[in-house]
Amino acid sequence: MSESLYFPESGLKSDKYEAILPQIEALVQGEPDLTANLANVAAVLKEAFGFFWVGFYLVKENQLVLGPFQGPIACTRISMGKGVCGTAWKERKTQLVPDVDAFPGHIACSSASKSEIVVPGFQEDTVWCVLDVDSDQLNDFDEIDQQYLEKLMSRLDELLFR
Ligand code: SME
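What this report covers is the structure whose coordinates are included nearby.

What counts, and where the lines are drawn
- Residues numbered from 1 in each chain as written.
- Predicted model: local features only at pLDDT ≥ 70, side-chain atom pairs only at ≥ 80, totals over all residues.
- Heavy atoms only, no water.
- Near = heavy atom within 4 Å.
- Polar contact = N/O pair within 3.5 Å; in protein donor to acceptor, adjacent residues only side chain to side chain.
- Areas by Shrake-Rupley, 256 points an atom, 1.4 Å probe, with all protein chains shown as cover.
- Helix = DSSP H or I, 4+ residues; strand = E, 2+ residues; numbered from the N terminus.
- Nonpolar A, V, L, I, M, F, W, Y, C, P; charged D, E, K, R; others polar.
- Buried < 20%, exposed > 50% of the residue type's maximum accessible area, 1.4 Å probe, protein only.
- Pairing = 2+ DSSP bridges.
- Contact = heavy atoms within 4.5 Å.
- Core = buried A, V, L, I, M, F, W, Y, C linked by side-chain atoms within 4.5 Å.
- Axes fitted to C-alpha atoms, helices over the stretch in contact; angles between N-to-C directions.
- Parallel < 35°, antiparallel > 145°, perpendicular 65-115°, else oblique.
- Left-handed = near helix turned anticlockwise from the far one by under 90°.
- Phe/Tyr/Trp six-rings, centres within 6.5 Å; stacked < 30°, edge-to-face > 60°.

Digging into the site of the ligand
And step 1. Close to the ligand lie 13 residues, the nearest being Val-84, Cys-85, Ile-107, Glu-116 and Asp-134.
And step 2. Contacts to the ligand include His-106, whose side-chain N or O atom sits 3.3 Å from a nitrogen atom.
And step 3. Notes on the ligand: free accessible area 300 Å², of which the protein chains cover 99%.
And step 4. For the shell around the ligand, the secondary structure elements donating two or more residues are strand S1 (53-60), helix H3 (83-91) and strand S6 (126-135).
And step 5. Split into classes, the residues belonging to the shell around the ligand amount to 8 nonpolar, 2 polar and 3 charged.

Given below as structure tokens:
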């Protein structure tokens with residue numbers, strides 16, 4: 001396993017995503033433990049982008065339960081349809097939230113969080129987790145983040161479960 005990540009420090013964020021995706025694949029390949037793999041994925045995203053909070057909530061007994069993450073302490077359980085994460089789970093689609101205060105029912109784990117993107121992960125056709133990324137800046141995520149984070153979650157489905 002490589003000890004270091006390589007990505008461009010500046011420039012287009014798409015270049016950074018392009019650089020980290022194969023490194024995430026390499027990290028995950030050959031390691032069967034789900035927690036270990038999700039922990040490393042969160043760490044890569046944190047190191048590459050410096051996100052305020054990045055992590056996973058896993059579907060367990062009909063709730064989302066906090067999984068591996070990087071950042072400040074966070075809410076541990078979220079019901080289906082609640083908050084941005086529960087909405088992504090219920091609607092089975094990415095939630096891109098430029099201003100969390102404008103999102104009805106947003107769950108504020110930290111008052112410093114200003115914008116957020118939540119991407120569901122599918123195993124076959126069932127949502128098994130969501131990837132949640134928070135920023136302390138308004139309007140910090142766009143379609144580029146959505147495109148690459150959805151690609152990442154789709155690759156994780158292939159790498160973790162097949
Ligand atoms: N803001 C999320 C809760 C999780 S934290 O941001 C880590 C939500 O509304 O679902």
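With respect to the pairing of S1
And step 1. Counting buried positions along S1 yields 6 of 8 residues, so the element is predominantly enclosed.
And step 2. When S1 meets S6, the two strands line up antiparallel, connected through 6 bridges. Bridge pairing in S6 places Phe-56 opposite Leu-131.
And step 3. Note that S1 and strand S2 (residues 63-70) share 6 bridges and pair antiparallel. What sits directly across from Gly-55, in S2, is Phe-69.
And step 4. Between the antiparallel neighbours S1 and S2 lie 2 residues, among them Glu-61 with a positive phi of about 45°.

Some points on H3
One full turn of an α-helix is made of 3.6 residues, so residues set three or four places apart face in the same direction.
And step 1. In terms of residue burial, H3 counts as a mostly covered element, since 7 of its 9 residues are buried.
And step 2. Here H3 has its buried residues at Gly-83, Val-84, Cys-85, Gly-86, Thr-87, Ala-88 and Trp-89.
And step 3. Buried residues along H3 sit against S1, S2, strand S3 (77-78), strand S4 (95-97), strand S5 (115-123) and S6.
And step 4. The first or second residue beyond H3 is Arg-92, which carries a positive phi of 60°.

Some words on the nonpolar core
And step 1. Leu-45, Phe-56, Leu-131, Leu-149, Leu-152 and Leu-156 are the most contacted members of the largest nonpolar core, which totals 32 residues.
And step 2. Mapped onto this core, the elements with two or more residues apiece are helix H1 (13-28), helix H2 (34-49), S1, S5, S6 and helix H4 (143-161).
And step 3. Discounting chain neighbours no more than four positions away, the residues touching Leu-152 are Leu-21, Ile-24, Val-41, Leu-45 and Leu-131.
And step 4. Membership of the second largest hydrophobic core comes to 16 residues, among which are Tyr-57, Val-84, Val-100 and Val-118.

Notes on the packing of H2 against H4
And step 1. Their axes nearest at 12 Å, the elements H2 and H4 cross at an angle of 155°. Put simply, H2 runs roughly antiparallel to H4. The two elements H2 and H4 cross, and the hand of that crossing is right-handed. Two secondary-structure elements touch here, H2 through Leu-34, Asn-37, Leu-38, Val-41 and Leu-45 and H4 through Leu-149, Leu-152, Leu-156, Leu-160 and Phe-161.
And step 2. By residue class, the composition of the contact of H2 with H4 is 9 nonpolar, 1 polar and no charged.

What to know about the packing of aromatic side chains
And step 1. Counted according to the given criterion, the structure contains 7 aromatic pairs.
And step 2. Look at Phe-49 and Phe-51: their rings are 5.1 Å apart centre to centre, the planes differ by 15°, and that puts the pair in the stacked class.
And step 3. Overall, the relative accessible area of 7% leaves Phe-51 in the buried class.
And step 4. Grouping aromatic residues by their ring pairs yields a cluster made of Tyr-17, Phe-49, Phe-51, Phe-141 and Tyr-148.

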